[in-house]
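# Coordinates in review
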Amino acid sequence: MTTTKNFRSLAVGLTAAAVLAAGVGVAHADVIGGAPAGGAETLTAATRSGWEGVTREQVRIDFGKGWVTNAELTYPSSATGRLPLVVFLHGSGRNDMNQTLPDGKGSTFVPLAQAASREGYATLRFNKRGVTDVGPVESTDPAQLMPKNPYQQIQLDAASVVRFAARSSKVDPAKIFLLGHSEGTNVAANLAADPKRFGIPKPAGVVEMGVVGKPIKDLLTFQIYGRLLTQMHDEFDIDGDGQLTAVEATDGLVGQPKEIADQFRSVLLDGKKVRPGTDRNHDGRIAIDAEAGPVLRKATHIDDYPNVPGLDPYVVAYAKDLGRFPTVTQALPKFAGPTLLLNGENDIQTPARAAIVADAAVAAAGNKDHKLVIYPGMAHTMNITPKFTPVFGEPDRQVITEIQGWLKSHR
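The structure contained in this document is the topic of the report that follows.

Procedures and definitions
- Residues numbered from 1 in each chain as written.
- Predicted model: local features only at pLDDT ≥ 70, side-chain atom pairs only at ≥ 80, totals over all residues.
- Heavy atoms only, no water.
- Helix = DSSP H or I, 4+ residues; strand = E, 2+ residues; numbered from the N terminus.
- Buried < 20%, exposed > 50% of the residue type's maximum accessible area, 1.4 Å probe, protein only.
- Areas by Shrake-Rupley, 256 points an atom, 1.4 Å probe, with all protein chains shown as cover.
- 1 Å grid on protein atoms, 1.4 Å probe; cavity = no way out; pocket = protein on both sides within 12 Å on 5 of 7 lines; lining within 4 Å.
- Points joined across faces, edges and corners; volume = space filled by probe spheres on them.
- Pairing = 2+ DSSP bridges.
- Right-handed = clockwise from strand over helix to strand, strands pointing away.
- Salt bridge = Lys/Arg side-chain N within 4 Å of Asp/Glu carboxyl O.
- Contact = heavy atoms within 4.5 Å.
- Expected span 1.5 Å × (residues − 1).
- Core = buried A, V, L, I, M, F, W, Y, C linked by side-chain atoms within 4.5 Å.

In terms of regular secondary structure, the chain is built from 14 helices and 15 strands. Taking all 411 residues of the chain together, the buried fraction comes to 56%. Approximately 16400 Å² of the chain is accessible, and the part contributed by carbon and sulfur atoms is 53%.

Structure, rendered in structure tokens:
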């Protein structure tokens, strides 16, 4: 396998797993069917630990264009009257209502929905267009899996969910909160910035995890190319001079997963010496940015963006479409309501700096009820994990506690 293919494989793996992954027309949302026979269903702890005292009502929402999605409306079983509600907005990809994580690592949204329930909130989780069941299980209909203008359609589908929630007899339409992860932070910000455009009530507040505060081109460039340079600076360049000797390069490979070590070795080393093809000035050192950088640019084909060889066609179409819309930094300042921004310091999909910039923009717009939390040691799925070889996991307890406390204070 060539160097180019090695790095492309690594880059696409990151992108496919965690890439973040409008319009006036909106889809119609309505109940198609309802709860299982007998009405709303309360599941016991034996069925799903953590749902005690919570009613789970299975509903269906019509997104239009031939797709009716399964969703779950939950609310405290003892509650009376209309309740505040949290709508969960997924990260990129074909996610189910729980945002089920790969390899049996749990889910992003279930522990957060349960925490919201403990504060007296209703919650609404839904399968994305093209997803038929938790798993996630995907449809075989290409029109649903790859709609025209995919990000715009994601926005419209999310607006359909909010309108459905606003019509529920269980929900206070003036107290609908949007909680987004990754792509969902952008969707939430876009909806909150212009609710009339989407035909939804003004959200009561917005919670963002893994904030899309920079343009998609910048984020994908970092995911595919820039984070490789960052890793060399962070983990290889011990003396911080921006250059790698053969010893530094060799030591930097220690403890790396074999695939990653082989890929870096193919750029940095030729046996026990630095690779001559990378060391252009032949001084026995590789300048990370000036010498390794151009090799990596060529290897990853990042200059062909968005048509990076090896990227799924859907990701390319998605990136092009998402690039037409405002980022969180551009959109969220137009929302005057409460905001909570959360990001992992180790996040290499949506770096913490983007969240810091987004929160600063919200503050500059005059919003007095905004909060930013950057968590040391956490990555994109808000769990504590190594920075450059992250492992998926459910949100850390401190994240759940932060969100639960914020919801309690804004109920």
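Once that is clear, we can look at empty space enclosed by the protein. Taken as a whole, the largest cavity encloses approximately 200 Å³ of empty space. Along the walls of the largest cavity sit 19 residues, with Lys128, Arg129, Ile154, Asp157 and Tyr314 positioned nearest its centre. With five residues, the single largest contributor to the lining of the largest cavity is helix α4 (residues 150-167).

Attention now goes to the pairing of strand β15 (residues 370-375). When strand β14 (residues 339-344) meets β15, the two strands line up parallel, connected through six bridges. Bridging across to β15, threonine 339 finds its partner in histidine 370. Once the chain exits β14 it traverses helix α13 (residues 352-364) before rejoining the sheet at β15, and the crossover so formed is right-handed.

The next subject is the pattern of salt bridges. Overall, the coordinates contain 12 salt bridges when judged by the stated rule. Between glutamate 72 and arginine 125 there is a salt bridge, with the nearest N and O atoms lying 3.0 Å from each other. Of this pair, glutamate 72 sits in strand β3 (residues 67-76) while arginine 125 sits in strand β5 (residues 122-126); the two residues are 53 residues apart in sequence, bridging distant segments of the chain. Judged by relative accessible area, which is 2%, glutamate 72 ranks as buried. Its relative accessible area of 1% is what places arginine 125 among the buried residues. Here aspartate 262 ties to arginine 265 by a salt bridge, and the two come within 2.9 Å at their closest N and O atoms. You can see aspartate 262 and its partner arginine 265 sitting in helix α9 (residues 258-268), three residues apart, about one turn around the helix. For aspartate 262, a relative accessible area of 29% translates into the label partly exposed. Judged by its relative accessible area of 36%, arginine 265 is partly exposed.

Turning to its location among the elements, histidine 181 is positioned in strand β8 (residues 171-181). Those residues in contact with histidine 181 that sit more than four places away from it in its chain are Leu89, His90, Gly91, Gln99, Phe109, Met209, His380 and Thr381.

Helical geometry: 3.6 residues make up each α-helical turn, so side chains three or four residues apart lie on a common side. The end-to-end C-alpha distance of α13 is 19 Å, a good match for the 18 Å that 13 residues give at a rise of 1.5 Å each. Within the sequence span of α13, burial applies to Ala352, Ala354, Ala355, Ala358, Asp359, Ala361 and Val362. Residues of α13 that are buried in the fold lie against α12 (328-331), β14 and β15.

As a further point, take the nonpolar core. Counting 80 residues, the largest nonpolar core has Leu85, Val87, Leu124, Ile176, Leu191, Met232 and Leu268 as the members making the most contacts within it. Apart from residues no more than four positions distant in its own chain, leucine 85 is found in contact with Leu73, Tyr121, Ala122, Thr123, Leu124, Ala165, Val171, Lys175, Ile176 and Phe177. One finds Leu112, Ala116, Phe177 and Ile400 within the second-largest nonpolar core, a separate group that totals 27 residues.

Moving on: unusual backbone geometry. Cis geometry is adopted by the peptide bond preceding proline 136, which originates at glycine 135 and carries an omega value of -5°. Summarising the element assignment, proline 136 is placed in the loop between β6 (131-133) and β7 (137-138). Look at the link from tyrosine 305 to proline 306: it is a cis peptide, with omega at 0°. Mapped onto the elements, proline 306 comes out in the loop between α10 (288-300) and α11 (313-322). The residue glutamine 99 is not glycine, and still its phi comes out positive at about 50°. With respect to the element layout, glutamine 99 can be found in the loop between β4 (83-89) and α2 (109-118).

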